[in-house]
Amino acid sequence: MEVGLKRRSAVGKNVRKVDGLSLATGRPKFALDIDIPGALVGKILRSPHAHARILSIDASKAEALPGVACVLHCGNVKRIPFTTAGQGWPEPSPYDTVLFDSKVRYVGDQVAAVAAETEEIAEEALKLIKVEYEVLPAVLSVEEALAEGAPVIHDEEDSQGIYDAAHNIAAAVDIPVGDIERGFAESDVTVEEICEIPYSQHTPIEPHCVIAYFDEDGRLVLRTSTQVPFHVRRIVARALELPMERIRVIKPRVGGGFGSKQEVILEPVAAALALRTGRPVRMALDRSEVFISSRTRHPMRVRVKLGAKKDGTLHAIEMEATSNTGAYGTHALTVLSNVGSKTLPLYNKAPHLWFHGKAVYTNLPVAGAYRGYGATQGYFALEVAMDELAGRLGMDPVELRLKNHIRAGETSPIFEKIGEGREGVPMVVRSCALSQCLRVGAERIGWDEKRKSPRREGPWAYGVGMAVSMQGSGITGVDMGAATIMMNEDGSFRLLVGATDIGTGSDTILAQIAAEVLGVPVERISVYSSDTDFTPFDVGAYASSTTYVSGNAVLRAAQEVRRKALEVAAGMLGEPAEHLELADGKVISPRTGKSVTLSEVGHRATYVADQKHIIASASFVPAESPPPFAAFFCEVAVDTETGIVRVERFVATADCGVPIHPKLAEGQLEGAIVQGIGHALTEELLFSNRGRCLNANLFDYKIPSSLDVPDVEVVLVDSEEPTGPLGAKSIAEVGINGPLPAISNAIYHAVGVRLTRAPFTPERVLSALRQGRRLG
């Protein structure tokens, strides 16, 4: 029986999170909150040079230090190329990494690892390792890396999947649709913008950490703070040449990820140390290592050229992206692909499109997955260009979006041309409430009045700006989620999912879907997730996939368990199963009014007659990726004497289909907006002329605190996705794409200068004001 929107007992309700009380009282155990007797502490020696060859390593003094159990380096660890990017197989990222290389490619690259009895001994041992380097010329910008005769960063012969190693190009895309030159020639108005996003870091509260130990059968167990436990198992197996069945990965509670833990960084090192010593090993990055040696957002320069008819109809769009992937190519192709694939379909009226770009190696920290995953960079340029186009046309920016955005029942050639690092699939948008998002958001911010009459108070100039975005819900034909549901003899249920709750509330959301179908309160569903030995496969928490992909798997499994429970009840009530209803923990016959409880059903199936375990497993692979949509409106105040920008108010309206848990959906949107505000105003990693990070700490790298967050209002508009679990689609990433362009556009409305390089620091704003022109 298909359970939809007609009856909602669990879905659409703000139920208590299944782990809420435990989290609030400090009971859940994070990765390092367990004590493994005899555990060693692992530490990594990192490169002081941006680019160098290791001529020799002498670890003898470190190995002789009392308390040191092991030192690993390129001289005693087999060279096996792999990728650290936690993505589905076949991995679209190049195999350009080895555990310990004889060449280092950025300041912070790993040189050696030590396992010792205490952290203090491990740190002392690192100081005793003598490394002789041949320092090589470093390239610290995309321009330097692409210059004729530039040093080749990846000159090794055993890497696989690099697009053009000789020219430092990790990946490239070139997607033409129609005739772009003709499109611009036929346009009445053209505008062009170039926007830049710098290095920025996720700053999860919990750093990357892992414990490697052995179970009673000698199998390797990795208890790790990860978004992708099943990918960790596969990648560690390759990197260390271990049989996969000898590895178990457990994901406990996770203190934030945002994409940074969609990477397999510490797990292979901890595993190698444990295997070499035969003892458990604990490892954790310190905060400076999180900044430098985990992952960052891809710095990127995106150029957008728009052509439109006089009435505002878009006729041609060109987007060129130049991405800095850093020293290794993790997620290089897929992030680059998403710059266009998640943005250009939004404006599907233009018949002429050209998306092209490249991801370039440099001797700077490694970029990787970050919430938004390329769409954030693309929308910055696209939505600033749309604002400029509206001005040139004399149109209201809201009206320009209303005229051009994709609608339900429509498609875009981009859907088929490009996916994440591969060809896409044809897709028709089945649900889109963006028009409603735009109208509601404009009303809530007071758009019409504030656009016509911007206010000024002394040196403070006020302005309003807006932007729109879409994202996706999983990766078509790649992502897979699975679920198992079993009925206990008391009529309660156990839900086993590989889906990875990293603080997002997915355990709760998936329990709500199961509870809705099975007619029980959420409290009757016990959730166990993310253990490669005991839960079904799931790709993990990324690509805005969990609610849609894993949720559909749970829906299918729950429907099968429901069917089996009704069959048992039919024998108890003497009625055909198709005539029975399940609600409020009971199976009811509408004809006779008789009922049996699920507890009685479970007891009968377990002990009494035709005994069987009521259990079902199901999987789901998306054939399409329904996009959520969002509109963003903000009011800013700009101090024309100091260049300080304050976000006074921010309104976001979103279409995420049916919100399974409205408060959690709103929280996802609010959190993404705050991260986006940080991108717009403060966040940027700074480097010396030798490639050393200058602000790798939370004092000098400024993220918004609670005192910095403006008045944020989020609205979830009515919508229903027909392919989603009970009408739902994703919400996790779409919210981070709007703040950058919306704030830039609001600053332009306030003071008439257009900022196209993030962040919009007081220095940059003041410089632009003094020059009286745009500042890029």
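Residues numbered from 1 in each chain as written. Predicted model: local features only at pLDDT ≥ 70, side-chain atom pairs only at ≥ 80, totals over all residues. Heavy atoms only, no water.

A. Seen up close, the sheet that holds strand S17 (residues 460–470). Ordered by their spatial adjacency, five strands build an open sheet running S16-S17-S25-S26-S27, and the pairing between neighbours is mixed. The sheet is open, and its two edges are formed by strand S16 (456–457) and strand S27 (711–716), each paired on a single side. The pairing of strand S25 (residues 629–639) with strand S26 (residues 645–655) spans 10 bridges and is classified as antiparallel. Paired with phenylalanine 629 across the bridge in S26 is aspartate 655. (Pairing = 2+ DSSP bridges. Helix = DSSP H or I, 4+ residues; strand = E, 2+ residues; numbered from the N terminus.)

B. Spotlight on unusual backbone geometry. In this chain, tryptophan 89 is followed by proline 90 through a cis amide linkage whose omega measures 0°. Of note, proline 90 is situated in the loop between strand S3 (68–73) and strand S4 (103–104). A cis geometry characterises the amide bond from alanine 758 onward to proline 759, with omega recorded as -5°. Phi is positive for asparagine 168, which is not a glycine, with a value near 60°. Along the chain, the position of asparagine 168 falls in the loop between helix H4 (142–146) and strand S7 (169–177). Residue class for asparagine 168 comes out buried when judged on its relative accessible area of 0%. The phi angle at aspartate 584 is positive, at roughly 55°, despite the residue not being glycine. (Buried < 20%, exposed > 50% of the residue type's maximum accessible area, 1.4 Å probe, protein only.)

C. Representation of the domain arrangement of the chain. Examined at the domain level, the chain breaks down into domain 1 (20–29 + 480–620), domain 2 (36–136 + 205–256 + 260–293) and domain 3 (300–475 + 624–771). Put simply, the middle of domain 1 and the middle of domain 3, counted by C-alpha atoms, are 38 Å apart. Opposite the 17 residues of domain 1 that make contact, domain 3 presents 21 residues. Contact between domain 1 and domain 3 buries roughly 1,400 Å² in total, counting both sides, with carbon and sulfur atoms accounting for 68%. Together, Ala543, Ser544 and Tyr548 form the three largest contributors to the area buried by domain 1 at its contact with domain 3, with a combined 45%. Summed over the shared surface of domain 1 and domain 3, the result is zero salt bridges. In this structure, the connection of domain 1 to domain 3 is made through six residue pairs in polar contact (both at pLDDT 80 or more). For the side of domain 1 that touches domain 3, the secondary-structure elements that each account for two or more residues are helix H15 (506–518) and helix H16 (546–573). With six residues, the top contributor of residues to the side of domain 1 that touches domain 3 is H16. The class makeup of the residues in the side of domain 1 that touches domain 3 is seven nonpolar, nine polar and one charged. (Domains from an automatic or database assignment. Contact = heavy atoms within 4.5 Å. Buried area = accessible area lost by both parts, 1.4 Å probe. Salt bridge = Lys/Arg side-chain N within 4 Å of Asp/Glu carboxyl O. Polar contact = N/O pair within 3.5 Å; in protein donor to acceptor, adjacent residues only side chain to side chain. Nonpolar A, V, L, I, M, F, W, Y, C, P; charged D, E, K, R; others polar.)

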